[in-house]
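Each chain, letter by letter, is given below.
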Amino acid sequence: MKPYTLLFSDIVDSTQLVERLGDAQALALWAQHDRCARDLLVTHGGREIDRTDGLFLLFDDSAAAAAFALSYHDALAAVGFRARVGIHVGTVALRENSASDVARGAKPLDVEGLSKPFAARLMALAQGGQTLLSASAALALRPDAALPQGAQIESHGHYRLKGVSEPAEVFELGRRGRSGFTPPPDSEKAYRVLHSDGLWRPLREVRHNLPAERDVFVGRAQELHALAEQLDAGARLVTLLGPGGTGKTRLVRRYALAWLGDWPGGVHFCDLSEARSAEGVLSAVAVGLGVPLGKDDPVLQLGHVIAARGRCLVIVDNVEQVIEPAAALLGHWLDRAAEASFVVTSRERLRLDGEALFPIEALPLDSDAVALFAVRAAAQRPGFVVDERNRAAVTEVVRLLDGLPLAIELAAARARLLSPAQLVERLRDRFVLLAGARGATARQATLRAVIDWSWDLLAPWEQAALAQCSVFEGGFTLAAAEAVIDLSRWSDAPLALEAVQALLDKSLLRAWAAAGRERQDIDEPHFGMYASIHEYARERLLEAGPSEHARAEQRHGTFFAALGSVEAIESLSRHGGPQRKRALALEIDNLVAACRRAVARGEGPVAAATYTAAWAVLLQQGPQRLGELLGDQVLALGGHTAGSRMQASDTRAHAAQYAGHFEPAALLFEEALRLARSRHDRRAEAALRGRLGDLRFDQGQPDAAREHLEAALALCRELGSRNAEAVVLGRLGALSHYQGRSEEAQACNEASLSASREVGNLSAEAAALNNMAMLQSGLGNGSEALGLYLGSRAASHAVGNRSNEALALVNIGGLLCDQGLFAEAEEALREALAMHREVGNRLNEGVSLCNLGIVHQGLGRSDEALAHFEAALAITREVAYPRLEVYLLGSLGDLHLERGRLDRAATCFDDALALSRRTGDRRNEGRLLGGSGKLLLRRGQPAEAREPLRAGEALLRQMADRLELARLLCTLGQTELALGQRAAALAALAEAEVAAGALGSTAGSELRHDIALLRKALA
C-alpha cells in the first residue's frame, strides 16, 4: 500500500435531471460531461477508477487533484451541472483485474483501503459547487504556494462522519472572492462538532437529560468505539451485561455524551433503580422522556412519544430487578418506534428477539485499572503518581479488587490515609477467601467485601450517619441531612454537617451531579450514594432495629412535609423563580417516597403535605398520572385530621381538573370547602372558592364561576389579604373579558394591578398586565395592548420567571399577528419558543408552536402552518393536556378546510368534538360545532349545517362568549341565506355587528372579515 490523493465527485440532483430531460437528451449531456472530465484528466495527470453519477479518480500529486477540482467545477457550470467534490490523501492498495474479468465487465483497476470510504464520505458532505478536503489533503497543499493561482483553503472545523471512529477536520478549497466558504450543513451521516471538556459535542442542539460527568472518565476506549460501531451498524437493542460495580452506567453515559449528535431525536436516560413493577418502569421511562403519563394506556402513549422523536436513543438503566416487565415493554416499543434504538444496562439478558449482548468486563489490570486508581488517588492526595516505587503495590491492589471500577474507587479513596503497600496488606487480610476465586459471583462478593471493609473502617457515629442517609431517595441537601441524621447516642459525635463531610471525604457519599442544564444554576449542593452503597446502607439501618429505621423515616417525612405547607407553596407561587422551582423539582424522589411511607404509617398530615409538594413538581414536569395515583392513596388513608384531609382533597382536585376530569374535581373541591368551613378556616375557604371559580369557568359555567369568584373576593377583603385579592380580581377580569363585559373587566384588572403593586407581588402584577393587554387587544387598542404586554414581560423578567416572560412574548406575537405584522410576530414567537424549551415547559412549547402555525397560516405558508400544528399536537398528547389538544385539532380542521381538504377537516372536527365532550370543555365544543357547520356548508349541505350551528349557538350563548358567538352567527347567516331564510340571515348579521361594536373589533379582524362576507352575500 502507498499514499495517493483520492478524489470523489458526484453530480447534484442527477436523477431529477434525467427525469426532466429524458433519457436521450440526458445521454448526450452525460457524454459531454465525460468528455470534458477526461480531457481535464489528461491535462492534470489523474487516473479514472470508476464512474457512476460522478467520478472516482486517483492522483499522484495533491496539487494536480486540486487544480482538476477547480477546473472541473468551472467546466460543469458552463453546461448547467453542479457537482460536489471530496479530496483525501491516504494509503490504498491497487489491484488489477485480469483481461478476462475486464471483458466480463469488471473495472481494470480496483482500489482497496479505509481511505476510499473516508474520501467518499467527505464528498457526500459537500454541497453543490463545493470541494472539501481532509486534513491530510489540506496539509499536502500547504504552503499556499502549492495551490493553483487564485485558490485558497479554509477550515470548517471538525465533523463526525458516519462510520469514522474519530471526528475529522474538514477544509474547503475554493477561489478567492468566488467561493462562499460556508460550512456544510449537518446531515444524517455527518454533523459538525466542537471539542469541549474532553468530548466532541455537536454544535446543533440535541435534547437530552444526561447528567454532567462527576469526574474524569478513565479508559474504556475500546468498548466505547465498539458500542458506537454496533449502534451505527443498525443494532436497535443493545444490552450491556455485567455484575454491579463494573461501570455499565458510566460507560453508556459516556458514549451518549460523546456521540450525542448521532441521535437528532435526543438521548433519554431512564433510571430504573427504584422500579419494582411494570408501573415503576413506565414511570421511570416517562420521567426520562420528559413527558407526563396520561389517563389512557401508558404503554401505547410512551410508544407514540418514542416513535414521534424519530432517530433517538433511549437508555434504560438498572433493569435486572424488573427484567420481565421491562422486557415486555421494550419489545412493544421496539415494534412501535422503528427509528429508535435502546441501550439497556442489566445483570441479566432480556431474551428478546434482536437483542445484541455487549458484555462489560472488569478493567484491564495493567492499564485502565491502574490508571483509574492513579486518577482517583490523586484526587484524594494531590501529587500522587504511580511510579517505580509503588507500581507493583498499585497493580496488586487492582488485582485483588478484580479490576472492578467501584471497588478501585473505594480503595483509592483511602490514599490520603494509607499507602498502596498498606492497602495491599489490608486487602489481603480482608479477601483471603477470595484469592483464587474468579467469575461473576466472585466479583459480586468482592464488591460486597469492599463495602464491608469501608464500613468497618468507619467510627460508630459515621456508620449510623451513613445508614440513616439511606432513607433519602435521589439525593439530599445538607439541610435535609441535618434534619434526618440523629447522632445523639454518641457523646463524641460531631454535628450532622461534619458527619456528611466525613462520609464525603471517604467517597461513601458523592457530590450529586447536575442532571441536565436545569440544575446547573442551583448553588446548594446535593449528595448521594452509588446504588450498591445505598442498598448496603439501607440493610445496615434495618439491622439496627425496626425503631431506628422507623424514626429515621419519620424525620425524613417531617422535613419534606414542610415543603408542602400552605406557606411554602404560597411563597413558591409568589416569589419562586425558576431556581427555586428547580430546587424543589430535585426533591421529587424524596417527596414521593415520604408520601408513600407516610401512607404506610397512617400519618395523614405528612402524607397530605408531601403529596401537595410533589404535585407542584409533577404538574410541571410529569408524570401527572403519578400525581393522581398518589392522591388516591392519600385520600384512602384513615389517619387524617380535618386539615390534612382538606389539603389532600384540594390537591387531588387540582390534579383531576388538569386531567380534564371536571366533575370529580368539583366534588373534591366541594369536600375541601366543607372541611374549611368546619374548621372556620376563612383563608382556605377563600382559596377554594377561587379554585372552584376557575373550574366552573373551564367547564363553561360562567355564572357559577362568577358566584364563586365574588365570594372569594369578599372573603379576601374580609381577611385583609391584598395579595389573594389581587389574584381573584385578575380571575374576575378574565371572566368578564370572555363574557364581553369590557368595562367590568377593565375595572377588575386595574384593581388587581393596584393590589399587586401594593404588596409587591410581581407575578400577580405580570398577570394583571397580561389580562389588561388582552382586553385592550380585543377592543382594538393595539398600541396600548403592546405596551401592557411589554410591562408584563418586564415584571416576569424581574422575578426570573422565564415561563411567564415567554407567555408574554406569545401574546405579543398574537397581537402583532392581528395587526398584520407577521414577520415581527414570528420573531417574538420564536423567542418565546426558545425560552419554553430552555426551561423545559413542554406544554407552553406546544402553545408557542400553535401560535407560530397561526402566523404562517396568516402568511399563506400553509405547509409550515401544518407542520407547526402537528408538532404542537404531538407535544400536547405527550403532556396529556386535553384542552389544548381540542384547540389544536380545531385549528387543524380550520386549516384543512381553508386548503379544501374537506375529509381531513371533518376528521379533525369530529375528533376534537369527541374529546371536548369527554372532558367537558363546552367553550371549545361551541367553537367546534361552528367549524363543523362551516364544513357542511362548504359541502353544499346547508340543511345539515343548521343543526350543529344552532347547537353551537346555544352553547356559546350559555357561556356568554360573544366573540366566538358572533363568528358562528356569520356562518349561520350564510346557512340561512342558502336555505332562502333571508330574514334570519339579516338577524344574524345584525347581532354579529352589535357584538363587533361592543368588542371593539377592528377592520382587519377575523370577525369583521366574516361580517363583510355575510353582508356581501346578502347584497
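Look a little higher up for the structure.
Because the structure is a prediction, the values reported are computed rather than measured. (Residues numbered from 1 in each chain as written. Predicted model: local features only at pLDDT ≥ 70, side-chain atom pairs only at ≥ 80, totals over all residues. Heavy atoms only, no water.)

Participant: Hey, could you go over the overall build of the protein for me, with residue numbers and the actual values?
Facilitator: Within the protein, the secondary structure is distributed over 45 helices and 17 strands. Counting across all 1019 residues of the protein, residues that qualify as buried make up 54%. Contacts spanning at least 24 positions in sequence make up 67% of the contacts within the protein whose residues lie at least 6 apart. Counting every atom, the protein has about 42,700 Å² of accessible surface; 52% of that belongs to carbon and sulfur. (Helix = DSSP H or I, 4+ residues; strand = E, 2+ residues; numbered from the N terminus. Buried < 20%, exposed > 50% of the residue type's maximum accessible area, 1.4 Å probe, protein only. Contact = heavy atoms within 4.5 Å. Areas by Shrake-Rupley, 256 points an atom, 1.4 Å probe, with all protein chains shown as cover.)

Participant: Account for the packing of aromatic side chains, with residues named and values stated.
Facilitator: For the structure on display, the rule yields 10 aromatic pairs. Taking 5.4 Å as the distance between ring centres and 15° as the angle between the ring planes, the aromatic pair formed by Phe68 and Tyr72 counts as stacked. Of this pair, Phe68 and Tyr72 both sit in helix α3 (residues 62-78), 4 residues apart, which is roughly one turn of the helix. We classify Phe68 as buried; its relative accessible area is 0%. With relative accessibility at 0%, the residue Tyr72 sits in the buried group. (Phe/Tyr/Trp six-rings, centres within 6.5 Å; stacked < 30°, edge-to-face > 60°.)

Participant: Mind laying out the pattern of salt bridges, listing which residues take part and the relevant values?
Facilitator: For the coordinates displayed, the defined rule picks out 55 salt bridges. Arg551 is the partner of Glu548 in a salt bridge, and the nearest nitrogen-oxygen pair spans 2.8 Å. Here Glu548 pairs with Arg551, and both are found in helix α21 (residues 546-561), just 3 residues apart, close to one helical turn. The buried category is assigned to Glu548, whose relative accessible area is 19%. The partner of Arg652 in a salt bridge is Asp632, and the shortest N-O contact between them spans 2.9 Å. With Arg652 in helix α27 (residues 642-658) and Asp632 in helix α26 (residues 624-635), this residue pair connects regions lying 20 residues apart in the sequence. Given the relative accessible area of 9%, Arg652 is considered buried. Residues joined by salt bridges that share partners form a network here, namely Glu213, Asp215, Arg250, Arg254, Arg376 and Glu409. (Salt bridge = Lys/Arg side-chain N within 4 Å of Asp/Glu carboxyl O.)

Participant: I'd love a proper account of the packing of α21 against helix α24 (residues 588-601), names of residues and values included.
Facilitator: Remark: α21 packs on α24, axes separated minimally by 9 Å, with the N-to-C direction vectors making an angle of 120°. The angle between α21 and α24 falls in the class oblique. Here α21 runs over α24; the crossing is left-handed. Taking contact as the criterion, the partners of Glu553, Gln554, His556, Gly557 and Phe560 in α21 are, on α24, Asn590, Leu591, Ala594, Arg597 and Arg601. Classifying every residue of the contact of α21 with α24 gives 3 nonpolar, 4 polar and 3 charged. (Axes fitted to C-alpha atoms, helices over the stretch in contact; angles between N-to-C directions. Parallel < 35°, antiparallel > 145°, perpendicular 65-115°, else oblique. Left-handed = near helix turned anticlockwise from the far one by under 90°. Nonpolar A, V, L, I, M, F, W, Y, C, P; charged D, E, K, R; others polar.)

Participant: So what's going on with the sheet that holds strand β15 (residues 356-359)? Which residues, and what values?
Facilitator: Across a sheet, strands are paired by hydrogen bonds formed along the backbone, either parallel or antiparallel in direction. Spatial ordering of the open sheet is given by β12-β13-β14-β11-β15, a layout of 5 strands whose pairing is parallel. Lying at the two open borders of the sheet, with one neighbouring strand each, are β12 (267-271) and β15. When the angles between neighbouring strand axes are averaged without regard to direction, this sheet yields 20°. In the packing of helix α11 (residues 323-336) onto the sheet, the strands contacted are β11 (237-241), β13 (313-317) and β14 (341-346), and the crossing angle to β14 comes to about 170°. (Pairing = 2+ DSSP bridges.)

Participant: Before we move on, could you go through the side chain of His268 and cite the residues and values that matter?
Facilitator: In this structure, His268 sits in strand β12. At a separation of 3.3 Å, a polar atom in the side chain of His268 contacts the main-chain carbonyl oxygen of Gly265. Setting aside chain neighbours within four positions, we find His268 in contact with Arg207, Asn209, Gly288, Leu289, Arg309, Cys312, Leu313, Val314 and Ile315. (Polar contact = N/O pair within 3.5 Å; in protein donor to acceptor, adjacent residues only side chain to side chain.)

Participant: Go over the nonpolar core with me, naming the residues and quoting the values.
Facilitator: By size, the foremost hydrophobic cluster in this structure holds 130 residues, and its most contacted members are Leu466, Phe476 and Ile485. Tallying contributions element by element places helix α25 (residues 604-621) first for this core, with 11 residues. Each residue touching Ile485, except ones within four places of it in the same chain, is listed here: Ala465, Gln468, Cys469, Ala496 and Val500. With 34 residues, the next largest nonpolar core counts Leu57, Leu76, Ala83 and Leu173 among its residues. (Core = buried A, V, L, I, M, F, W, Y, C linked by side-chain atoms within 4.5 Å.)

Participant: Talk me through the pairing of strand β9 (residues 190-196); I want residue IDs and the actual numbers.
Facilitator: The side chains of a regular strand alternate, first on one face of the sheet and then on the other. Both strand β7 (residues 151-161) and β9 contribute to a ladder of 4 bridges, which runs antiparallel. Of the residues in β9, the one forming a bridge with His158 is Val193. The pairing of β9 with strand β10 (residues 199-202) spans 4 bridges and is classified as antiparallel. Bridge pairing in β10 places Val193 opposite Pro202.

Participant: An account of helix α41 (residues 922-938) is needed here, citing residue identities and associated values.
Facilitator: With 17 residues, α41 extends 24 Å between its outermost C-alpha atoms, agreeing within 8% with the 24 Å of an ideal straight helix rising 1.5 Å per residue. Counting buried positions along α41 gives 13 out of 17 residues, so the element sits mostly inside the fold. (Expected span 1.5 Å × (residues − 1).)

Participant: Give me the lowdown on the pairing of strand β4 (residues 83-96), citing residues and values where you can.
Facilitator: In the sheet, strand β1 (residues 2-11) pairs with β4 via 10 bridges, with the strands oriented antiparallel. Note on β4: the bridge partner recorded for Pro3 is Thr91.

Participant: Tell me about the environment of Asp703, residues and numbers included.
Facilitator: Along the polypeptide, Asp703 turns up in helix α30 (residues 702-719). Along the sequence, Asp703 and Ala960 sit 257 residues apart, while their C-alpha atoms lie 9.4 Å from each other.

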